[in-house]
Every structure is written in C-alpha cells, then in structure tokens.
Amino acid sequence: MAGGGLAPSNGAVKHYNGRVTSFVIMTCVIAATGGLIFGYDIGVSGGVTSMDEFLEKFFPSVYQQEKAAGGSKSQWCQFDSQMLTSFTSSLYVAGLISTYFASMVTQAFGRKSSMLFGGAAFLLGSAINGVAMNVAMLIIGRILLGVGVGFANQAVPLYLSEMAPPQLRGALNMGFQMATTIGIFVAGLVNYGTGKLHTGYGWRISVALAAVPALIMTLGAIGLPDTPNSLVERGLRDQARATLQKIRGTEDIDAELQDMIEASEEAKKVNDPWSSILRPEHRPHLVMAIAIPMFQQLTGINVIMFYAPVLFKTIGFGDSASLMSAVISGLVNVFATTVSIATVDKFGRKVLFLEGGIQMLVSQVAVGAILGTFFGDAGTGKLSPGLANLVLALICVYVAAFAWSWGPLGWLVPSEIFPLNIRSAGQSIVVGVNFLFTFIIAQLFLMALCHLKSGLFYLFAAFVAVMTLFVVLLVPETKGVPIEEMNLVWKKHWFWKKYVLDDHIKPSHPRGD
C-alpha cells in the first residue's frame, strides 16, 4: 500500500470508540494559541507601517510621499516603496525556508518540539524589533519572526487534526484560525492605542508586544502531550496508548491505535516522503497541498489584513480612523470565524467554501466599482463619508466571507487529507506555498495598487471565481472521515479515483466492541 490510507474491507468509513473529553478540548485550545503569533504579526505590520513616527524614522521617502499626496498627486501610489514592502514580506521568505526544516523537526521530534522552537524564535524576533535602530535590525527581527511562524504553522494544524476526534476535527482544528483572527484583532487595538501616543515610540510598543502571544504559545506547549500519531511514528507505542486513552476517555482504543500502527508501518517503508508525494497515487494530495494555500492567498485577504490601515488611509480615512477601521474589520473576522467553527462539522467543508467564495466575489466587485467610479484611476478624487463607510462595510462583508470559508478551511482541509507517510512533507508544502504566495502578494501589492488602482479588486475577484470553480469540481467533502481513512474519499471522487487504486486501500483492523 503506497498511500498509507486504511479502510474497512467493505469500503465504509468506520467510527472509533470514545467520547469528546475535556482533556482533548483543553489541549487543542492551548495548541491553537499558536495562531496568535501569526495573527498578531499580520495585524500589527499594517498598522505600524501607517504610523508617521515609524515611517519618518525608517522610511523617510515614503513619509514624504504620503505628505505630498493629494491635489494632483495620485494617492494610489503614496505608499509604493520596495523597501517598505521588503520589511513586511521578509517574514514570509524566512517562513518559506524554515518550513522545510520544520518538517524534519516535526517528524523526528514531534509536533510539540516544533511549537516550542517556533515560540522561542518568535520571542527573540519581537525583542529585536522592539529595540530596532535601523532597517537592518528590523529585517533581522522579521526573519526570526518568520522562522517562528514557519515552525508554528507547520506543527499546530497537524497537532489539532491528529488530537481531535473525527466528529469534531473541523471545529477544533479551526481553533488555529480563531486564534489567528484574535491576534489580528488585538494587534489592531494595540495599534489604535499606540498610534495615539505621539511620543515617537508607540510603534515600538506594538512590535514588542508580539512577545506576549509567543510566550502564551511557548508556555502552553510545555505542558502539552504529543499526538498519538507522532508517538507511534517515533516508536513510543506505550505512550501513544496512554495518550489516546486519555484524549478519547475510554480504555477501548485498540482499533484506532492499530490503524495508527499500521499506517506508521506503511510510512516507514517510504524512505523519502518528498519523492513519495510525487508518485501518482498521491497526486490528489499534492494538488490540494499546492492549490488550496495558493488560492487562500489569492483571495487577497492578507492585502486587507496587513495593509488595512494603509488602504483605508489611501481612500481618505484619517490616521486614527484608518486604524479604527482595521479594528472593525478585525472584529468582524473574529465573529465570522465562530460561525465556521459552529457549522463546519454540521454542513461540511464544501458548503462553506462555496458560500464564502460567492460572497467574496460580489463584495470585491462592488468595492472595485465604487473606488473606480468615485475615487478615480487618477487617485485624486475624494470619497464622501458615506461612500467611505460603504467601502468599509463591503470590506467587512468580504472579511466575514473569508473568515468562515477559505480562512479556516485553507488550513483545515490540507491538514486532514495526508496519509501518515507523507503527512509532514505534505504539511510543509502547504505552509511553504502559503508563505510563497503571501510573500509575492505582500511584495507586489503596493506597486499593484499604484498601477492597477481599483482594477486590483477585480483581479482578486477573478481569482475567487476560479477557486470557487476548483472547489465545485475537485475538492471532496471530508467531514467526519477519520484521518487515517481519508483515502476512501479520493476513491469515491469522480476525478481523483483514477489515481487511488484498490491496492492503495488496505483493509484495516476490525473494530472491537
């Protein structure tokens, strides 16, 4: 069996014994705090880069452009600076590179070890950024933050998917996205507060406070057990049994443990998971590992999240108003994510993907139309307060759609589809592709805003149309399927079944009653 998927001989998805315990809920909530560091960084970056004190100290040319904008000067281009975007996007280059090493650490030493290392790196990076005296120190700090986020994003989604019972895997895994949205919202509040200080060091408080979510994740991870899947993978079967009994709340875990052991034995036959994931039977996994995180970023969400204050400032909001608008969109992000958590295991993944895609498409076209008509491609127009607030409302509609669809599902679905023999490599590809496209968009956004103007929103709307069609045709429903039996899903799919042959699905150990 090359695929490592396990299933009953009759082809039906089976259900393991056990119940949802307070212990598994607690461990997943603690692990999910890894999303705080990712979210806080996304939220704090855009706010800091819109603060005059920060720009004047590190990016004086951008500061002068901003002050000169208006009249005949295009406001679309006031923040167009490759050095400024390099500050933001350097984190994602570091994350992209570090995720390869995170994959090896996660597989060899467990998911918990990666979370601890990621938290420590992020802590150091936030300290350097807080005391930075020049752009070089800023970028060194950002690189360390990227290493921290790379390790956390590699380990946390896997940890949540492996610890959670199948019937609640969607909701518990989405704790990662919920923590990310909370981090974005808190960063917005911090930026709003520090932006009012006018002391010259408000931005330092914003970036240094990134140490708080790093401490929360690091200290929380110290007390966490590793996942049964990881323990089995490393030959610690007695510990795996004890952990599985504790998180399932029953002594009768033999069937589930046996499936993990069989999956691990099959995985050990694969010397190189990176070459294995390229084999035909893993074609659906590879396509999803690349397409889903790519599409997640091509929605344009990180443009809105980490450039929100810059964007709102561009279309006419004042300094405080632009920061408060980012807080409002961040709050919408948090509440909409709760909708996804409450519905993902009831209605499934595809319903949320499709509804969110349609809602994002409509709101992006509407924003592009308003900005193109009233703000003008010359960038010299003015939006009335009513129209500016309408743009804010439409952006909130867009953020809500993302927050209950591509936001959490972009992490959930990839984390639950890989067989054990390629799981670490597959998740590494997911994180790497995510960082790659986040970097590309972060690096190009301000330049694209300057050249495409309102057409940029139409471009992202076109991407959303394509990804929605991709979901309709190629993404299977994974709700309620045990993680070690996921190959059944591919076998039943109209397109992917030709890649997953019968000899790739091995009859599993019968369930004991």
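Going by what an unreviewed UniProt entry lists, the protein chain is known as Major facilitator superfamily (MFS) profile domain-containing protein and is assigned to Ensete ventricosum. Under the UniProt heading Sequence similarities (unreviewed entry), the note attached to the protein chain is "Belongs to the major facilitator superfamily. Sugar transporter (TC 2.A.1.1) family."

A. View of the packing of helix H7 (residues 135-163) against helix H21 (residues 406-417). The contact between H7 and H21 brings their axes to 9 Å, and the two run at 70 degrees. In this view, H7 runs roughly perpendicular relative to H21, as classed from their interaxial angle. Viewed along their axes, H7 and H21 form a crossing whose handedness is right-handed. Facing Asn 153, Pro 157, Leu 158 and Ser 161 of H7, the residues of H21 in contact are Trp 411, Ser 415 and Glu 416. Residue composition of the contact of H7 with H21, by class: 3 nonpolar, 3 polar and 1 charged.

B. Quick peek at helix H5 (residues 82-109). The end-to-end C-alpha distance of H5 is 39 Å, a good match for the 40 Å that 28 residues give at a rise of 1.5 Å each. Of all the bends found along H5, the most pronounced is centred on Thr 88 and spans about 45 degrees. Looking one or two residues past H5, Gly 110 carries a phi angle of roughly 100 degrees, positive in sign.

C. Structural view of the packing of helix H2 (residues 34-48) against H7. Between H2 and H7, the shortest axis-to-axis distance is 8 Å and the interhelical angle comes to 140 degrees. Taken together, the axes of H2 and H7 lie oblique to each other. The handedness of the crossing between H2 and H7 comes out as left-handed. Residue-level inspection shows Gly 34, Ile 37, Phe 38, Asp 41 and Ser 45 of H2 in contact with H7, the latter providing Arg 142, Leu 145, Gly 148, Val 149, Ala 152, Asn 153 and Val 156.

D. Spotlight on the packing of aromatic side chains. All chains considered together, the criterion is met by 20 aromatic pairs. Aromatic side chains Phe 54 and Trp 203 sit 5.4 Å apart centroid to centroid with 65 degrees between the ring planes, which places their arrangement in the edge-to-face category. Placement of the pair is Phe 54 in helix H3 (residues 52-58) and Trp 203 in helix H10 (residues 202-208), with a sequence separation of 149 residues. In terms of burial, Phe 54 and Trp 203 fall into one category: buried. Relative to Phe 101, the ring of Tyr 100 lies with its centre 5.5 Å away and its plane at 80 degrees, an arrangement referred to as edge-to-face. On the basis of relative accessibility, which here comes to 43%, the residue Phe 101 falls in the partly exposed class. Through pairs of rings, three or more aromatic residues link up here, namely Phe 38, Tyr 92, Phe 176, Trp 411 and Phe 435.

E. Examining the pattern of salt bridges more closely. With the rule as written, the count across this model stands at 12 salt bridges. The salt bridge involving Asp 226 is made with Arg 234; its shortest N-O contact spans 2.7 Å. By relative accessible area, which is 10% here, Asp 226 ends up buried. One salt bridge connects Glu 265 with Arg 237, and the closest N-O pair in it is separated by 2.7 Å. Within this pair, whereas Glu 265 is found in helix H14 (residues 254-268), its partner Arg 237 is found in helix H13 (residues 237-248), the two being separated by 28 residues in sequence. Overall, the relative accessible area of 35% leaves Arg 237 in the partly exposed class. Among the ionic contacts, a cluster of salt bridges with common partners joins Arg 111, Glu 162, Glu 233 and Arg 423.

F. Structural context of the environment of Ile 30. One can find Ile 30 in helix H1 (residues 22-32). The exposure class of Ile 30 is partly exposed, given its relative accessible area of 26%. Through-space distance from the C-alpha of Ile 30 to that of Thr 218 is 9.9 Å; in sequence the pair is 188 residues apart. If sequence neighbours within four positions are ignored, Ile 30 has contacts with Gly 220, Ala 221 and Leu 224.

G. Focus on the nonpolar core. With 122 residues, the main nonpolar core has Phe 54, Phe 59, Met 115, Trp 203, Met 288, Phe 295 and Trp 406 as its most contacted residues. The residues contacting Trp 406, other than those within four sequence positions of it, are Ile 292, Phe 295, Gln 296, Thr 299, Phe 353, Met 360, Met 467 and Val 471.

H. Examining a nonpolar patch on the surface more closely. Taken together, the side chains of Leu 197, Tyr 201, Ile 205, Leu 209, Val 212 and Ile 216 define a hydrophobic patch exposed on the protein surface, amounting to about 480 Å² of accessible area. Here Tyr 201 shows up in the loop between helix H9 (175-195) and H10. According to the relative accessible area criterion, Tyr 201 is partly exposed, its value standing at 45%.

Definitions and limits used
Residues numbered from 1 in each chain as written. Predicted model: local features only at pLDDT ≥ 70, side-chain atom pairs only at ≥ 80, totals over all residues. Heavy atoms only, no water. UniProt positions renumbered as here; feature names shortened; annotations may be inferred. Axes fitted to C-alpha atoms, helices over the stretch in contact; angles between N-to-C directions. Helix = DSSP H or I, 4+ residues; strand = E, 2+ residues; numbered from the N terminus. Parallel < 35°, antiparallel > 145°, perpendicular 65-115°, else oblique. Left-handed = near helix turned anticlockwise from the far one by under 90°. Contact = heavy atoms within 4.5 Å. Nonpolar A, V, L, I, M, F, W, Y, C, P; charged D, E, K, R; others polar. Expected span 1.5 Å × (residues − 1). Bend = angle between axes of the 7 residues up to and from the residue. Phe/Tyr/Trp six-rings, centres within 6.5 Å; stacked < 30°, edge-to-face > 60°. Buried < 20%, exposed > 50% of the residue type's maximum accessible area, 1.4 Å probe, protein only. Salt bridge = Lys/Arg side-chain N within 4 Å of Asp/Glu carboxyl O. Core = buried A, V, L, I, M, F, W, Y, C linked by side-chain atoms within 4.5 Å. Patch = residues over 30% accessible without salt bridge, like charges linked within 9 Å, V, L, I, M, F, W, Y side chains within 5 Å. Areas by Shrake-Rupley, 256 points an atom, 1.4 Å probe, with all protein chains shown as cover.

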